[in-house]
Each structure stands twice: as C-alpha cells, then as structure tokens.
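# Survey of secondary and tertiary structure
Read off the chains here:
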Amino acid sequence: MRADSDSLPRFVLRVVAWLPLTFAVWYLAAPLLVWPVALLAELATRSAFDWVKSVEQTGPLLTFITSLKPAEAASPAGVKAVLSVESNVLLFSFGLPMLAALILAAREPRRVRMLLIGFVILLPFQTFSVVADFLKNAVILAGPAVAAQTHISGWQRELIAFCYQFGTLILPTVAPAIVWVLMHRPFLERLSGRIKS
Amino acid sequence: MVSFFLWFLGLQATLFGLELTPWAQSWFVVPWTNTLAAISAGIVKLFDPGVLSQGKVLQSASNGFAVSIEAGCNGVEATIVLVAAILAFPAPWKRKLVGLAIGIVAVQGLNIVRVISLFYLGQWNFNVFEWAHLYVWQALIMLDVLIVWLLWVRALPRDPPEVTAAAAAAH
C-alpha cells in the first residue's frame, strides 16, 4: 500500500493498534528471543574477561557466573563463594515490539523479511546494553574488593559507566527507530516528500 | 541520508555526554526534574488535592504511595534525541528553532502524562505499573519523538527536488 501525504495520522493509529499485540508476542516469546543475546553476551564477556566463567539463561534473565570472590563479609566463614550477576534482557529489548509495530503499520512489501532483519540487527545493540549492565554491576557496584580482582582501571570504569547509561537510556529506543527509518526510506519519502538519499 | 545519520549520531552522543556531566546535572537535569514533579503535582491537584511534590518525588498524602522521577523518566534523553534529529536534518535555522520549541513541548507534554499515569497505575496495581514504567511508556515516548520529527519534516516547505538534493548534499 502506498502512503499519501495525509496518511501520517492513520499510520500512527495503526502503530498504536499493533503495539498491544507486538508487546504480548515479545513478552511470551522472550525466552526464545533472548537466546541469541545470551549466546552473544557469553561470547563477548568470556572472550574479553577470563573471570567470566559462563552465562546462564532463565527465561528473559541472564546470570553471569564469574570467578570473582565477593568481599569476605558477604559470605559466611569457610564458604567458597563466587560473584554471579543477573541481568533482565527485557529491559533492553522493549524496542523490538516497537520496531515490529512500526514495520507492520507501514504496510510495506516483505514485512516478514523486515521483521527478521530488524530482529537480527538489534541483537548486537541488546547485547551491548546487557554486557554494559553486567559490567556496571560487577566492576562498579560490587565494591572495591571485587573491582580490584577485575584489573579494570579507573578510566575503564568511567567508560563502563557511560556505556551503561547509553545502553540503558538511549540505545534500546533509538536503535529500533533508526533501523526502521533505514528500512523504510521509500515509505518516508512518500509520507513526507522531503527525505532524499 | 548518510550525512543526516552521521550528524544525528554525533550530536546525540555529544548531547548525551554533556547531560551526564556534573555541571549539566546540577544546573539543568535536577532543576528540570524537580520542575517536572511540581508541574505534574500541580496538574493532579486540579482533580486530586491530596498530592504532594517534594524535589523529584510525587506523593499521595492519603496512602503514602510515591514515585521518584529518575533518569530516563524526566524526558531529557527523549528531548536529546529529538534535538539531534531536528538539528541534523537539512532545513532553514528558523524552521529548526520552531521545530525545537514545539517538539520539546510535545515530548515533555507526553512525559507529564507518563508521570501522572504511572503515579496512579502504581497505586492501583504494581505489576501493571512495572510493565508500563519499564517497557510500554519507554516505547511510547520514543514513538512520540519519531512522530514529532516526521510531522516537522512534513511541515517543511517543499523545495524543488534538485534544491533539496543540493542542500542535503551540502549539509
């Protein structure tokens, strides 16, 4: 279907109409949708840090198992404890149902293909956010005793803090919007008559 | 389009980096967040007098439930995205300034609706509050930014195609 110059309000209504369904599907299919993020997060963290031992997925939650020892006061005497950090991937992937609603509402050809491409493109961004969240918890919030074991320097901790903020506040919403704009240039040109390549 | 995206990403990263500085936090973000809480409380008091605001906290005097407006909920990041999108797009400066003024009001206006709706959702059902807070409203605010930007682009005067292409290439 071609969009004319007056179709923006109708497009917005279609997006709003699709959102409940896309959010429901996203939430119900979360264990499946999160699985590639778990694989990428494990690959990234175990490659970069020898103190990350494994990443386990339970539904939408990832648990990073490390070899880092918590502060002595945190574990009872005689008990060998290691630090594990949990991260909820849903917190960083809610842009997926938004992208799906935008794609379906635009009614362009090859929508299923676009949905799949959009899903794959967003995986590295979600992984970035999840890994930044894990690093923030392990390197900054777990305390100086744990941070010392990671051998991560002061400026690297600042970088982790920035990446966490960017990966939490900007990336989850902006990345899907950019992906949608890039995949719908002809639609946007018809909608606005302004955007040129 | 490539030039637009490079400018957009660069401006966004710069503005977001500036927002995180202690100077911007103390002189802009915190005062704005407190103002947002006060505006929200002022609107709610029109139909529900038992509401208080203190700093960035909006609280019900009757049951004690309170919401604290934190980073990500004050609309600053959404505003940054809109500002970057409007500034990066090739258009006359006068049009950009008008777009920024109206667009920021539109984004912050919806954000006030978000704060007030979360305040009441939290008193009604905490699970629904969490869902709306963490997922739904985040997506709706970004959708608002996208729609405002599309409306602004559509409202720009239509130049001859070759002029538009030349302006985009020169930007």
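What comes next concerns the included structure.

## Focus: the interface of chain A and chain B
Between chain A and chain B, the residue contacts involve 36 residues of the former and 34 residues of the latter. Taking both sides of the interface into account, the surface hidden between chain A and chain B amounts to around 3400 Å²; carbon and sulfur atoms contribute 82%. Our count for the chain A to chain B interface comes out at 0 salt bridges. For the side of chain A that touches chain B, the secondary structure elements donating two or more residues are helix 1 (8-28), helix 3 (90-93), helix 4 (95-106), helix 7 (154-169), helix 8 (171-183) and helix 9 (185-192) of chain A. For the side of chain A that touches chain B, the element with the most residues is helix 1 of chain A, which contributes 7 residues. By residue class, the composition of the side of chain A that touches chain B is 24 nonpolar, 8 polar and 4 charged.

## Looking at the nonpolar core
Nonpolar side chains tend to gather and get buried jointly when the protein is soluble and globular. Judged by nonpolar contacts, the single largest core of 109 residues is most densely connected at Phe11, Trp51, Leu62 and Trp180 of chain A together with Phe8 and Trp149 of chain B. For this core, the leading source of residues is helix 5 (residues 126-155) of chain B, giving 16 residues. Leave out the neighbours within four places in its chain, and Trp180 of chain A touches Phe11, Leu99, Leu102, Ile103, Ala106, Phe187 and Leu188 of chain A together with Leu146 of chain B.

## Digging into helix 2 (residues 30-48) of chain A
Residues and elements named next belong to chain A. Taking 1.5 Å as the rise per residue, helix 2 with 19 residues should run 27 Å; its terminal C-alpha atoms sit 26 Å apart, in good agreement. Maximum bend of helix 2: about 25 degrees, positioned at Pro36. Residues of helix 2 that are buried: Ala30, Val34, Pro36, Val37, Ala38, Ala41 and Thr45. On its buried face, helix 2 sits against helix 1, strand 1 (52-58), strand 2 (61-66), helix 3 and helix 5 (111-141).

## What about the sheet that holds strand 3 (residues 66-68) of chain B?
Residues and elements named next belong to chain B. Pairing is antiparallel in the open sheet, where 3 strands are placed in the order 1-2-3. In this open sheet, the two strands that pair with only one neighbour each are strand 1 (51-54) and strand 3. For this sheet, the mean inter-axis angle between neighbouring strands, taken without regard to orientation, is 15 degrees. When strand 1 meets strand 2 (residues 57-60), the two strands line up antiparallel, connected through 4 bridges. When the bridges of strand 2 are listed, Ser53 appears paired with Leu58. Sitting on the sheet, helix 4 (residues 93-124) is in contact with strand 1, strand 2 and strand 3, with an inclination near 40 degrees to strand 2.

## Re the packing of aromatic side chains
For any pair of aromatic rings, the description consists of the separation of the ring centres together with the inter-plane angle of the planes. All told, the structure shown has 27 aromatic pairs over all chains when counted by the stated rule. When the centroid spacing of 5.2 Å and the interplanar angle of 75 degrees are considered together, the rings of Phe119 of chain B and Tyr120 of chain B count as edge-to-face. Members of the aromatic cluster, connected to one another through ring pairs, are Phe4, Phe5, Phe8, Phe89, Trp149 and Trp152 of chain B. The lysine or arginine in question, Lys136 of chain A, covers the ring of Tyr164 of chain A, its NZ or CZ lying 4.3 Å from the ring centre.

Quick notes on the rules
Residues numbered from 1 in each chain as written. Chains lettered and ligands numbered in written order. Predicted model: local features only at pLDDT ≥ 70, side-chain atom pairs only at ≥ 80, totals over all residues. Heavy atoms only, no water. Contact = heavy atoms within 4.5 Å. Buried area = accessible area lost by both parts, 1.4 Å probe. Salt bridge = Lys/Arg side-chain N within 4 Å of Asp/Glu carboxyl O. Helix = DSSP H or I, 4+ residues; strand = E, 2+ residues; numbered from the N terminus. Nonpolar A, V, L, I, M, F, W, Y, C, P; charged D, E, K, R; others polar. Core = buried A, V, L, I, M, F, W, Y, C linked by side-chain atoms within 4.5 Å. Buried < 20%, exposed > 50% of the residue type's maximum accessible area, 1.4 Å probe, protein only. Expected span 1.5 Å × (residues − 1). Bend = angle between axes of the 7 residues up to and from the residue. Pairing = 2+ DSSP bridges. Axes fitted to C-alpha atoms, helices over the stretch in contact; angles between N-to-C directions. Phe/Tyr/Trp six-rings, centres within 6.5 Å; stacked < 30°, edge-to-face > 60°. Lys NZ or Arg CZ within 6 Å of the ring centre and 35° of its normal.

Distances and angles like these do not, on their own, reveal function.
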